[in-house]
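Spelled out from the first residue to the last, the chains are:
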Amino acid sequence: MKRRDFLKMSSMATLAYTLNGVPVHAYGSDGLLAKTRNTNGNILVLIRLSGGNDGLNTLIPLDKYSELSNARSNILIPQSSVLSLNGTTTSGLHPAMTAMRNMYNNGKLNIIQGVSYPDPNFSHFRSSDIMFSASDSATFVDTGWIGRFIDHQFPGAPYAYPDPNFLDPLSIEIGTSVSSMMSGATGLNGLAISNISSFYNIVNGTVDPAPATPAGNELTYIRFISQQTQAYTQVIANAAGLGTNAATYPANNRLAEQLKIVAKLISGGLKTPVYVVNIGGFDTHDNQVDANDHTLGQHADLLKQLSDAIGAFQQDLDMQNLDDKVTGCTFTEFGRRVKSNASEGTDHGSGVPMFVFGSKVNPTIIGTSPNLPASATVNDNVPMQHDFRQVYSTILSDWFSLQPSNVSSILNGQNYNWLPIFKWTVDTPHVEAPAQLSLEQNFPNPFRSHTTIRFSSGRRRCPNSLYDQMGRMLRVLYENEVPAGRFDIGVERNGLPAGQYFYQLQVGSSTKLTKSLLIVD
Amino acid sequence: MGDSNRRDFLRQLFTQSSAKDAPYDINQDELFKKYSNKQSPLGFKRKRAGLSQYTGPWTNEQKLHLLRRTMFGVSPASLASIGSMTMSQTVDALINTAPPNPAPPVNYYENLYPDPTSVPLGATWVNAGYGDGTANYYRELSLKAWWVKNILNQGLSIHEKMTLFWHNHFVCESNVVGFAVAQYRYLNLLRTHALGNFKTFIKEITKEPMMLYYLNGHYNVKNSPDENYARELQELFTVGKGTNLWNEDDVKAAAKVLTGYRVDQGTLTTSFDSTKHETANKQFSAFYNNTVITGQSGANGANELDDLLNMIFAKDQIVAKHLCRKIYRFFVYYDIDTTIENDIISGLATTLINNNWNIKPVLLQLFKSDHFYDTFSMDCYIRTPMDFYLGLARTLNIQIPISTPIEDYWRAHYIFAYHCEQNGMDPGSPPSVSGWPAFYQTPQFHQMWINSDTLPKRMKVNDALFTNYGVWASPNYQVKCDVLAFVQTLSDPADPVAVIDECVLYLLGLTLSQSMKDYFKSILLSGQSQNYYWTNAWNDYINSPGNATFEGIVKGRLQLMLTEMCRLAENHLC
């Protein structure tokens, strides 16, 4: 055989290589195959309170104040200092949380009581992982719920992106690294950004100075190329350049600095659907309060930072008319023990309130103030009223408009009961109701003490909820799956004032039927 | 179409077929042009140490520096292999230890494409005939996988690095010749002479079938001399380029000396065909002292090769310096200023000449020198793609188990070569006879490895190694870092301070400040400040084998920490 035949053969072999179907690309993420699903444009900002927040000193159960006094006199917040919330006498906020109290009273804060999960774990690591992965207590899952959400919305993530249809980061954590919450099936679906004021620092938050040696010469060169070749550097820089902050953020508040960056990027037009920010230090085993003034101390400082930062962020969004598409949600790995310890602190616990804020939230408290034993022991915990995955599930369905089957698949194949976190006015694309879906006029109507609502929904979970004229969710009337056919649910007046109300049947994320009813005296 | 034209034409074909989506051109790379060296970077006008033997501290810093430069990556095991040896003993061991000959590459591809020469699955193809283009293609992959395997399993020896050095010096391009059996023999020749005698080596490489194909010696006959090899022999292999050196007439004369060598394509043996040999006298220029090589006829014609090499090697200072510069740029740093030329290159060249062209004394002198352990020689080497991927694999204890099914086993090795190729370093096919530009292109040199095309690719593979999915190697196999196995190679996996210190030590070219180390530790601690949170988590994992939750807690945090650490620019230096 002549050499030129070798040559001819070898170029043919290259052809055979591709014809035989052996992938040329090492990743199963050919850009041509990736298709971005439609996102509804809504943005979620997750605020992680790292260390385990003491919920009982955050949202104080005023109706259980004597039990609380018995359990934690050495850290007790004086009843007179507790910030009251419109429309409820059972709970109030820590005195440092004026900004969030105002948000509640202005209809921009939702509170979910007693959030935890069955068989709670008291390890920071494990419980954080459970919150990140949305797994059961006894099951280990190595991807995060946000990572799986991004996998669902952006097939081929993270390697197939940016692509021409979606140039922005798929999710952003403000900080120097991303958490495992962003772990998708094949990689980390998030980008960490620590600083947008300095182009140099967008990717490498902190770097050691380069020495004045040949090694330093090469290090500096690689760093320049590194920063400027990060796929998202330019779009972030552009968004940071276009975006503004309209509100004044509190000084010396690390959370506020992070939320300020988020607001600026959103203002600058970044379409990234999820942001994560962090505030640490909630592991208050000792000196949680100032011994001389329980309204001061470590925990008060943290809650003030949290509240002031969220307040400024919401104001910023309001002033820039961005509030309709942004909602925020706090989470922490666990609450703390009911009974305080001897060092003016609290140990790892379980149930804890969760805050969801924004213009589209239902400004109520979901659930009741926690049941506390008359004299708590070290083993007593705040009981669970809501599974944290109910919150995730509701965010995915009501905020991101996902179908129930997709929500379930993102949440490890489980279904969780819906919660009335968002107002019924949330704009989600409405679709034609299926034939078997119906919501009939209540009868009698108007009514004085009792009425009946008839509906049908097929074999689907179908939350029925009652709202006032402000769009405030008052009550869940029914929320379980029903078989095919028509069903009646009874509604008791239960002290509601006379006036016009609305009831709404929701099936899935997008189908909502609404009717009004009238209560007369 | 002439041979060199044909090669260019074929190279275009290759470029089009293998990289049609985005042919990368470094000359169009605005970032590279903006940030890479505009001139020699040695504005650091510090006098650097010379060639006298190093007597300073012999700590992990010096040991790892030596291992990184002479092998691929470092690991706790490779550091331990130094044991109580002194610097001098360690260098002796690295230079004098010859690894056993690896078993030859095998047919792993039988189920992808049945071998047309009936080589069974698992048997070696190196003694078989050419077969056909597709089989040859798979054999070339098999050969690259074999090469990768040799490197991943290297012992305390410079042998693999020297083999690569010679591949970049006596370049043959597998892509151009397209004959895997010949390429295997060529690589074996490199391995055989890697630490041998330069002059002996060059005589052998001149007659090697792969080289005779690649630089057209096989077509160099009396009636139509082909000057290709005669030129590169002088320009690249021995004398080098420059003014007042060899001239075009010397190329023509050398080509005539070399006429008559023929390859038998069936047996891949070289013979001398005296009927194809130019028997006239060959006149060389004043540079070669107007040497005349007397034409010889019959079998004696082959002896003219010795005359030619003797004539060239008589320019001993020039030839030795040319080779020593290449050694310096391959092992130390690319920038050779006047001081280094006078103090280091000249000294090494003298050693080479005084030792009658034996390579080992040069390497012993270099790696034992004050200069090699000078601060300015350390950490400044931009890792080549092979250094990066294979070094990372060795450091991270990434192993392809021998129990892996044969096809996946070799594809898993090949995938490293694939990613090296994607990063501009195809083992077996440098871009031209000059070798990889990073070793010769002034003033950027090694910086060429890092550009806006390659760095994101390095990052991508790097990130994927620390996912549960891993780096795709075959439908059934993904290469990934078992982070739990990796940290168990460290001294105390339960101590987060020790874990971070040692990850920095083994992975990064430059060490980090305490605040940077604390930041990486905080990833292991999930932002908490107490070290015992990690210790407890690690002990839970160790004490409860099979507990997926305990395993997941430590694994996830290690994956995040290592992903971030390996993204640092420091990871690209050694």
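Please read these numbers as outputs of a predicted model, since none were measured by experiment.

## Here we look at the overall build of chain A
- Regarding its fold elements, chain A presents 11 helices and 21 strands.
- When the 521 residues of chain A are sorted by exposure, 53% land in the buried category.
- Contacts in chain A between residues far apart in sequence, at least 24 positions, make up 70% of those at least 6 positions apart.

## As for the domain arrangement of chain A
- Domains assigned within chain A are domain 1 (43-410) and domain 2 (438-519).
- The C-alpha centroid of domain 2 of chain A is placed 33 Å from the C-alpha centroid of domain 1 of chain A.

## Quick look at the confidence of the model for chain B
Residue and element names in this part refer to chain B.
- With 95% of its residues at a pLDDT of at least 70, chain B reaches an overall mean of 93.
- Within the model, pLDDT remains below 50 along residues 1-21, and this stretch shows 20 contacts once partners closer than five positions in the same chain are excluded.
- Prediction confidence for the complex, expressed as pTM and ipTM, is 0.79 and 0.90 respectively.

## Here we look at the pairing of strand β10 (residues 352-357) of chain A
Residues and elements named next belong to chain A.
- Burial within β10 is extensive, with 6 of its 6 residues counted as buried.
- Burial along β10 is two-sided: V352, M354 and V356 and P353, F355 and F357, pointing in opposite directions, are all buried.
- Two strands pair when backbone bridges link them, and strand β5 (residues 109-116) and β10 are joined in this way by 5 bridges, in the antiparallel orientation. Within the sheet, the bridge partner assigned to I112 lies in β10 and is M354.
- Taken together, the 2 bridges between strand β9 (residues 326-332) and β10 define a ladder with antiparallel strand orientation. Within β10, the position partnered with G328 by the bridge is F357.

## Things to note about the interface of chain A and chain B
- Every contact between the two is made by 54 residues of chain A and, on the other side, 70 residues of chain B.
- Residue assignment for the side of chain A that touches chain B shows that the elements contributing at least two residues are α1 (3-19), α4 (124-133) and α6 (214-229) of chain A.
- Here the side of chain A that touches chain B takes 13 residues from α6 of chain A, the largest share from any one element.

## Considering the pairing of strand β17 (residues 473-478) of chain A
All names here are of chain A.
- Here 4 bridges tie strand β16 (residues 464-467) to β17, and the two strands are oriented antiparallel to one another. Across the sheet, S465 pairs through a bridge with V476, a residue of β17.
- Joining the antiparallel neighbours β16 and β17 is a turn of 5 residues, in which G471 adopts a positive phi near 85°.

## Points about the environment of G280 of chain A
- Mapped onto the secondary structure, G280 of chain A falls in the loop between β8 (274-279) and α9 (298-319).
- With 17 C-beta atoms packed within 10 Å, G280 of chain A lands in the partly exposed category.
- It is 9.8 Å that separates the C-alpha atoms of G280 of chain A and T332 of chain A, two residues lying 52 residues apart in sequence.
- Setting aside residues no more than four positions away along its own chain, G280 of chain A makes contact with S50 and G51 of chain A together with G527 of chain B.

Analysis parameters
Residues numbered from 1 in each chain as written. Chains lettered and ligands numbered in written order. Predicted model: local features only at pLDDT ≥ 70, side-chain atom pairs only at ≥ 80, totals over all residues. Helix = DSSP H or I, 4+ residues; strand = E, 2+ residues; numbered from the N terminus. Buried ≥ 20, exposed ≤ 12 C-beta atoms within 10 Å, placed from the backbone. Contact = placed C-beta atoms within 7 Å. Domains from an automatic or database assignment. pLDDT = per-residue confidence, 0-100. Pairing = 2+ DSSP bridges.

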